[in-house]
Amino acid sequence: MSQTIIVSNRLPTKVQRTADSLSFQPSEGGLATGLGSIYRAEGNMWVGWPGLFVEDAAEEQYVTEQLRADSMVPVFLTEAEIRDYYEGFSNSTLWPTFHYFSQLATYEQSHWDAYVAVNEKFCRVVLEQAGPDDTIWIHDYQLLLLPEMLRQARPDCTIGFFLHIPFPSYELIRVLPWRAELLRGLLGADLIGFHTFGYMRHFLSAVAQLLGLPTQNGQIETPTRTIRVDAFPMGIDYERYARAAASSAAQEHGQVYRAALRDTRVILSIDRLDYTKGIAQRLRAFELLLLRYPEWHEQVSLIMLVVPSRDQVAQYAALKEEIDELVGRINAQYRTIGWNPIHYFYRSLPLEELASLYQLAEVALVTPMRDGMNLVAKEFIACKADQRGVLILSERAGAARELADALIINPTDTNQLVEAMHDALVMPEDEQIQRMAAMQALVKRYNVFAWSRLFMNQLAYTKMKQHMLATA
Ligand code: GDG
């Protein structure tokens, strides 16, 4: 029987060292939820890094056995590999380039060498598990070379690849010294998926211009195979967020927050710390809102949750400082004894607290400079049981292609952002409900389960077609 293997940089469980033992914490991320029923099915598995540096062979064996029991296979990485492959090439070269922040990208040969070596390491672990007819679904920018490496070793495997971040225009890709190798690495897949048609078009254009391969109708013709490229906008587990918002824990949190905020209106912003998310620009826009519309003083507060992320990379530490400074300055200038303009949290909150914040907020401010999709926008929508609330959404988030009923803005246009915040705060309730209902119907239907089903079906279909053509 053929099996399905999911591969991503991180496993859906995080292994951590505590004082005298190891803890195994399942991830609550959207991908883990969406692919849960696939990798846990009989014979299937998920391959990835468990997030821990093992100390010796005995510990490695113990971690392997524990994860095995829950259908996971670890790829153990060293501290040097994480530094050069993950923080280096993945997060300091590919991440900024693919998000149109080329000026922040570094081009280190040693990082590239580590990236190749770690993709090879992943390849070895997958090959130990994969039979000749298995289906392998690889995720994200840390593993761009893996499809071709696997193809070389297992010519008949069914290989899918999904990119969770944007695929940028050819002009950015061509800057990378290793651009052709990266594209060729991806072409080992049978199906390559992106969040939007825009990313897909950029990819096809890069393949045509850099590799000279013919591309038409979402297909790439190589001398040996036809590769399918398509858009699969990722969704969320809608019911999970709706249920979390309705839970008694979330209701209790909500009451405590509401009592503390009295009747102040709430604008909410939630992100991982990242320069792509437009956090500093958003703060400047909020500052300008207070300057331009003094009637909102003591009437509206920004609740800003920033989740610590990648703090080993220098740019992230600098961004954290910039945010701290901006929040300090704005609060110092405008706050009164009874009113705090910005409530800033630099930490991660449990799901129920997150859901109660989504529910509490009148306005969600999702204004990234670039974002593959952005799931926060969809989670806000799922938590709005009473359909009141306004989403302000950047036109440069993948989610904007679907959520046309949000207030769509250009995140670098501070004036537009200020006016959008003002408009959202004064939007009549019936208009809020109309917009929210339309977005809820969409987010509920195209949830993360529909997303993974669609991808898997398309992958199976692509392979079947290839097979039919080969035997015709
Ligand atoms: C990448 C792409 C694409 C945040 N704070 C807390 C918390 N979160 C959760 C949110 C949401 C997730 O983190 C963030 O997802 P995003 O989609 O917004 O962004 P990235 O992490 O950058 O993800 C992105 C995504 O992959 C999927 O393809 O959409 O474009 O960059 O789910 O809820 N969760 C909890 N506490 C927090 O404090 N529990």
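Residues numbered from 1 in each chain as written. Predicted model: local features only at pLDDT ≥ 70, side-chain atom pairs only at ≥ 80, totals over all residues.

- The name given to the protein chain in an unreviewed UniProt entry is Alpha,alpha-trehalose-phosphate synthase, with the source organism recorded as Hymenobacter algoricola.
- Its UniProt record gives the protein chain the following Catalytic activity (unreviewed entry) comment, quoted word for word: "D-glucose 6-phosphate + UDP-alpha-D-glucose = alpha,alpha-trehalose 6-phosphate + UDP + H(+)". (UniProt positions renumbered as here; feature names shortened; annotations may be inferred.)

Observations regarding the overall build of the protein chain
Here is step 1: In terms of helices and strands, the protein chain carries 17 helices and 17 strands.
Here is step 2: Scaling as 2.2 N^0.38, a compact globule of 472 residues should have a C-alpha radius of gyration of about 23 Å, and the protein chain matches this with 23 Å.
Here is step 3: C-alpha atoms of the protein chain, sized along the principal axes, occupy 70 × 55 × 40 Å.
Here is step 4: Here the protein chain holds 472 residues, and the buried ones make up 46% of them. (Helix = DSSP H or I, 4+ residues; strand = E, 2+ residues; numbered from the N terminus. Rg over C-alpha atoms; globule rule 2.2 N^0.38 Å. Buried ≥ 20, exposed ≤ 12 C-beta atoms within 10 Å, placed from the backbone.)

Points about the confidence of the model for the protein chain
Caution applies to low-pLDDT parts of the model: their predicted coordinates are not meant to be read in detail.
Here is step 1: When pLDDT is averaged along the protein chain, the result is 95, and 100% of the positions lie at 70 or above.
Here is step 2: At the level of chain-chain contacts, confidence expressed as ipTM amounts to 0.98, with global pTM at 0.96. (pLDDT = per-residue confidence, 0-100.)

What about the sheet that holds strand β13 (residues 300-307)?
Here is step 1: Pairing within the open sheet is parallel, and its six strands lie in the order β14-β13-β12-β15-β16-β17. One side of each edge strand has no neighbouring strand; the edge strands of this open sheet are β14 (342-346) and β17 (407-409). Pairs of neighbouring strands in the sheet enclose a mean axial angle of 15°, with direction left out of account.
Here is step 2: Sheet topology places strand β12 (residues 265-272) next to β13; eight bridges connect them, and they run parallel. Following the sheet pairing, Asp 271 is matched in β13 by Val 306. (Pairing = 2+ DSSP bridges. Axes fitted to C-alpha atoms, helices over the stretch in contact; angles between N-to-C directions.)

Regarding the environment of Glu 59
Here is step 1: Secondary-structure assignment places Glu 59 in helix α2 (residues 57-68).
Here is step 2: Using a count of 16 C-beta atoms within 10 Å as the deciding quantity, one classes Glu 59 as partly exposed.
Here is step 3: Distance in space between the C-alpha atoms of Glu 59 and Leu 22 is 9.5 Å, their sequence separation being 37 residues.

Brief notes about the environment of Leu 319
Here is step 1: Along the chain, the position of Leu 319 falls in helix α12 (residues 314-334).
Here is step 2: Taking C-alpha positions, Leu 319 is 37 Å from Thr 64, a pair spaced 255 residues apart along the chain.
Here is step 3: Those residues in contact with Leu 319, other than ones at most four positions away along the chain, are Leu 273 and Tyr 275. (Contact = placed C-beta atoms within 7 Å.)

Side note on the site of the ligand
Here is step 1: Lining the immediate surroundings of the ligand are 20 residues, of which His 164, Ser 348, Gly 372, Met 373 and Leu 375 lie closest.
Here is step 2: At the level of secondary structure, the elements contributing two or more residues to the shell around the ligand comprise β12, β13, α13 (351-360) and α14 (375-382).
Here is step 3: Broken down by element, the residue count for the shell around the ligand peaks at three residues, all from α14.
Here is step 4: Looking at side-chain class alone, the shell around the ligand contains eleven nonpolar, five polar and four charged residues. (Near = placed C-beta within 6 Å. Nonpolar A, V, L, I, M, F, W, Y, C, P; charged D, E, K, R; others polar.)

Observations regarding the environment of Val 376
Here is step 1: Of note, Val 376 is situated in helix α14.
Here is step 2: Of the residues examined, Val 376 has 27 C-beta atoms within 10 Å and is grouped as buried.
Here is step 3: Those residues within four positions of Val 376 in sequence are excluded, and the remaining contacts are Ile 270, Asp 271 and Val 366.

Details of unusual backbone geometry
Here is step 1: A positive phi is found at Tyr 100, a non-glycine position, where the angle reads about 65°.
Here is step 2: Within the secondary structure layout, Tyr 100 lies in the loop between α3 (79-98) and α4 (109-129).
Here is step 3: With a phi close to 80°, Asp 140 is a non-glycine residue in the positive phi region.
Here is step 4: Turning to its location among the elements, Asp 140 is positioned in the loop between β6 (135-139) and α5 (146-153).
Here is step 5: Of the residues examined, Asp 140 has 19 C-beta atoms within 10 Å and is grouped as partly exposed.

Brief notes about the sheet that holds strand β4 (residues 45-49)
Here is step 1: If you trace the nine strands from one edge of the open sheet to the other, you get β5-β4-β1-β6-β7-β8-β11-β10-β9, paired in mixed fashion. Since the sheet does not close on itself, it has two edges, and those belong to β5 (72-74) and β9 (215-216), each with one partner.
Here is step 2: Bridge count for strand β7 (residues 158-162) against strand β8 (residues 191-194) is three bridges, and the pairing is parallel. Bridge assignment links Phe 162 to a residue of β8, and that residue is Gly 193.

Considering the packing of helix α9 (residues 238-246) against α13
Here is step 1: One way to put it is that α9 packs onto α13 with a least axis distance of 8 Å and a crossing angle of 85°. As far as their axial angle goes, α13 and α9 are roughly perpendicular. Contacts between α9 and α13 involve Tyr 241, Ala 244 and Ala 245 from the former and Leu 351, Glu 352, Ala 355, Tyr 358 and Gln 359 from the latter.
Here is step 2: Across the contact of α9 with α13, the residue classes break down as six nonpolar, one polar and one charged. (Parallel < 35°, antiparallel > 145°, perpendicular 65-115°, else oblique.)

Considerations on the pairing of β6
Here is step 1: Of all five residues making up β6, five are buried, and the element is well covered by its neighbours.
Here is step 2: Residue alternation in β6 divides its side chains into two sets, Thr 135, Trp 137 and His 139 and Ile 136 and Ile 138, and both sets are buried.
Here is step 3: Pairing geometry for strand β1 (residues 4-10) and β6, over four bridges, is parallel. Bridging across to β6, Thr 4 finds its partner in Thr 135.

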